[in-house]
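Given next are the chains, with one letter for each unit.
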Amino acid sequence: MQPRIDEDVTFRKLETLLAFMDTGNLARAAERLDVSTVSVHRALHSLESGLRCALFRHEGRNLHPTDAAIALAEVARDVIRTMSDGIRKTREVAGFSADRIRIGSLYSLTIRTVPAVLVAMKVRRPELETELVLGSNADLLLKLRDGSIDAVLMAVPEGEQDIVSEPLFVDTINFAAPSGSRYAGQHSIDLRACADENFVSLKEGFATYDGFLEAFKLAGFTPHVVMQTGDIFSLMNLVSGGIGCTLLPGRVRDVFSGKVELIPLQARYLMQQTLGLSFLRTRERDPNLLSLLAVCRTSKDKLS
């Protein structure tokens with residue numbers, strides 16, 4: 001069994017010892033550590049108690065290190081250097097303050113939000129490498145929790161106590177049909193009049209899919225879904241090709257302009273999404289995430 005180290009021997013006290021050995025003076029050591037002279041003296045005396053041997057001899061008001069103090073200082077330098085490297089490597093594995101940041105995003109946010117965030121991050125932290133991971137709300141939330149990504153731009157999750165979110169903008173769900181369809185020119189859509197329509201949708205796990213189900217629940221019928229897809233751009237291709245209608249967020253309005261028409265739903269079906277930046281509460285002091293949060297806050301007018 002390894003001998004136990006006395007609780008009076010700590011990293012902070014070893015750092016105090018090294019500061020004193022480097023400066024040779026209590027006052028200068030205190031200045032380097034930004035503490036009081038009394039705190040330095042108390043830490044050195046506590047080390048002697050923990051080691052149960054004299055580290056210094058007193059000559060008047062001055063302290064002079066013994067051979068024991070010199071030996072301890074040599075070991076302390078290696079110990080603190082090793083522990084500092086260990087902390088750095090541990091943080092890198094956890095993604096904390098690494099030289100890259102992995103950002104997850106919904107496909108639909110790559111139109112405007114993601115480019116604006118990435119450009120602003122490059123200006124703020126040019127040395128930081130950024131990796132982008134796309135997926136559904138459900139997939140991205142899993143990746144966030146297992147550490148595969150550091151932060152995510154998506155619909156703000158509700159009731160998740162382990163997640164910190166910064167709302168960025170609110171988007172409204174619209175009825176989407178091929179340009180020139182029988183719905184063209186209508187000011188709003190009553191979904192009850194679409195009971196015989198073919199629909200296409202995203203797969204389960206996407207925030208827009210949840211809104212899709214809720215809207216038709218309010219309309220009182222189950223839509224005839226002829227095809228599902230795993231990203232919103234493929235979904236819009238299906239709509240433009242006449243495969244079926246769907247519900248889409250307003251942020252994609254300009255992507256297929258001239259091919260897909262987005263028409264507001266009647267007020268009774270009003271569905272909105274709050275989009276934002278989310279990351280784990282345990283990571284809220286990570287410098288990289290703090291930079292990302294600052295970028296999102298200062299760029300809100302460019303993100304929607």
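What counts, and at which threshold
Residues numbered from 1 in each chain as written. Predicted model: local features only at pLDDT ≥ 70, side-chain atom pairs only at ≥ 80, totals over all residues. Heavy atoms only, no water. Helix = DSSP H or I, 4+ residues; strand = E, 2+ residues; numbered from the N terminus. Rg over C-alpha atoms; globule rule 2.2 N^0.38 Å. Buried < 20%, exposed > 50% of the residue type's maximum accessible area, 1.4 Å probe, protein only. Contact = heavy atoms within 4.5 Å. Areas by Shrake-Rupley, 256 points an atom, 1.4 Å probe, with all protein chains shown as cover. Core = buried A, V, L, I, M, F, W, Y, C linked by side-chain atoms within 4.5 Å. 1 Å grid on protein atoms, 1.4 Å probe; cavity = no way out; pocket = protein on both sides within 12 Å on 5 of 7 lines; lining within 4 Å. Points joined across faces, edges and corners; volume = space filled by probe spheres on them. Nonpolar A, V, L, I, M, F, W, Y, C, P; charged D, E, K, R; others polar. Pairing = 2+ DSSP bridges. Right-handed = clockwise from strand over helix to strand, strands pointing away. Salt bridge = Lys/Arg side-chain N within 4 Å of Asp/Glu carboxyl O. pLDDT = per-residue confidence, 0-100. Polar contact = N/O pair within 3.5 Å; in protein donor to acceptor, adjacent residues only side chain to side chain.

(A) Just the overall build of the protein, in detail. Scanning the protein for helices and strands turns up ten helices and eleven strands. Relative to the compact-globule value of 19 Å for 304 residues, the protein shows a C-alpha radius of gyration of 30 Å, a clear excess of over 25%. Judged by the C-alpha coordinates and their principal axes, the protein covers about 100 × 45 × 30 Å. Of all 304 residues assigned to the protein, the portion counted as buried reaches 45%. By sequence separation, contacts in the protein at least 24 residues apart represent 73% of the contacts at least 6 residues apart. Here the protein displays about 16,500 Å² of accessible surface, and carbon together with sulfur accounts for 50% of that area.

(B) The nonpolar core, seen in detail. By size, the foremost hydrophobic cluster in this structure holds 34 residues, and its most contacted members are V117, L153, L277 and L292. Sorting the residues of this core by element identifies β3 (100–105), α5 (113–124), α6 (137–145), β5 (151–155), β6 (163–178), β11 (272–280) and α9 (287–298) as the ones contributing at least two each. Other than its neighbours up to four places away in sequence, L153 contacts I103, G104, S105, L106, L109, T113, V114, V117, L168, G276, L277 and C296.

(C) Quick look at the environment of S188. Relative to the helices and strands, S188 resides in the loop between β6 and β7 (198–202). A residue is classified by how much of its surface remains accessible, and S188, at 29% relative accessible area, is partly exposed. Note: C-alpha distance between S188 and L292 (104 residues apart in sequence) is 38 Å.

(D) Representation of unusual backbone geometry within the structure. With a phi angle near 60°, D34 is a residue other than glycine that sits in the positive phi range. Inspection of the secondary structure assignment puts D34 in the loop between α2 (26–33) and α3 (37–51). For D34, a relative accessible area of 71% translates into the label exposed.

(E) Examining empty space enclosed by the protein more closely. The tally for this structure, following the rule as stated, stands at two cavities of 30 Å³ or more. Its boundaries defined by the atoms lining it, the largest cavity holds a volume of some 80 Å³. Surrounding the largest cavity, L106, Y107, S108, L202, F206, A207, T208, I232, R251 and Q273 form its lining. Here the residues of the lining of the largest cavity sort into six nonpolar, three polar and one charged. In this structure, the second largest cavity spans a volume of roughly 40 Å³.

(F) The arrangement of the pairing of strand β4 (residues 129–134) in detail. Across six bridges, the pairing between β3 and β4 is parallel. Residue pairing across strands places R102 opposite E131, the latter belonging to β4. The parallel pair β3 and β4, bridged by α5, forms a crossover whose chirality is right-handed.

(G) How the structure looks around the pattern of salt bridges. Considering all chains together, one arrives at 19 salt bridges under this definition. For the salt bridge of R77 with D22, the shortest nitrogen-to-oxygen distance reads 2.7 Å. Remark: D22 occurs in helix α1 (residues 11–23) and R77 occurs in helix α4 (residues 67–94); sequence separation between them is 55 residues. Close ionic contact of D171 with R251 constitutes a salt bridge, the shortest N to O distance being 2.9 Å. Highlighted residues: D171 in strand β6 and R251 in the loop between β9 (246–249) and β10 (260–264), separated in sequence by 80 residues. In terms of burial, D171 and R251 fall into one category: buried.

(H) Spotlight on the layout of surface pockets. Roughly 410 Å³ of internal volume is contained in the largest pocket. Forming the boundary of the largest pocket are 17 residues, of which N137, A155, V156, A207 and D210 lie nearest the centre. Elements that contribute at least two residues to the lining of the largest pocket include exactly α6, β5, α7 (207–219) and β11. Classifying every residue of the lining of the largest pocket gives nine nonpolar, six polar and two charged. A volume near 210 Å³ is recorded for the second largest pocket. Around the second largest pocket, the lining residues are I5, D6, V9, T10, F11, L14, G50, L51, L72, V75, A76 and V79. Those elements that place two or more of their residues in the lining of the second largest pocket are α1, α3 and α4. The element best represented in the lining of the second largest pocket is α4, accounting for four residues. Considered class by class, the residues forming the lining of the second largest pocket number nine nonpolar, two polar and one charged.

(I) Geometry of the confidence of the model for the protein. When pLDDT is averaged along the protein, the result is 90; 97% of the residues meet or exceed 70. Mean pLDDT across the elements of the protein bottoms out in helix α10 (residues 300–303) (80) and peaks in β5 (96).

(J) Looking closely at the side chain of R125. Note that R125 resides in the loop between α5 and β4. The class of R125 is buried, set by a relative accessible area of 17%. A polar side-chain atom of R125 sits 2.6 Å from a polar atom in the side chain of E127. Of the polar contacts made by the side chain of R125, one reaches the side chain of N288; its length is 3.0 Å. Not counting residues within four places of it along the chain, the set of residues in contact with R125 comprises P287, N288 and S291.

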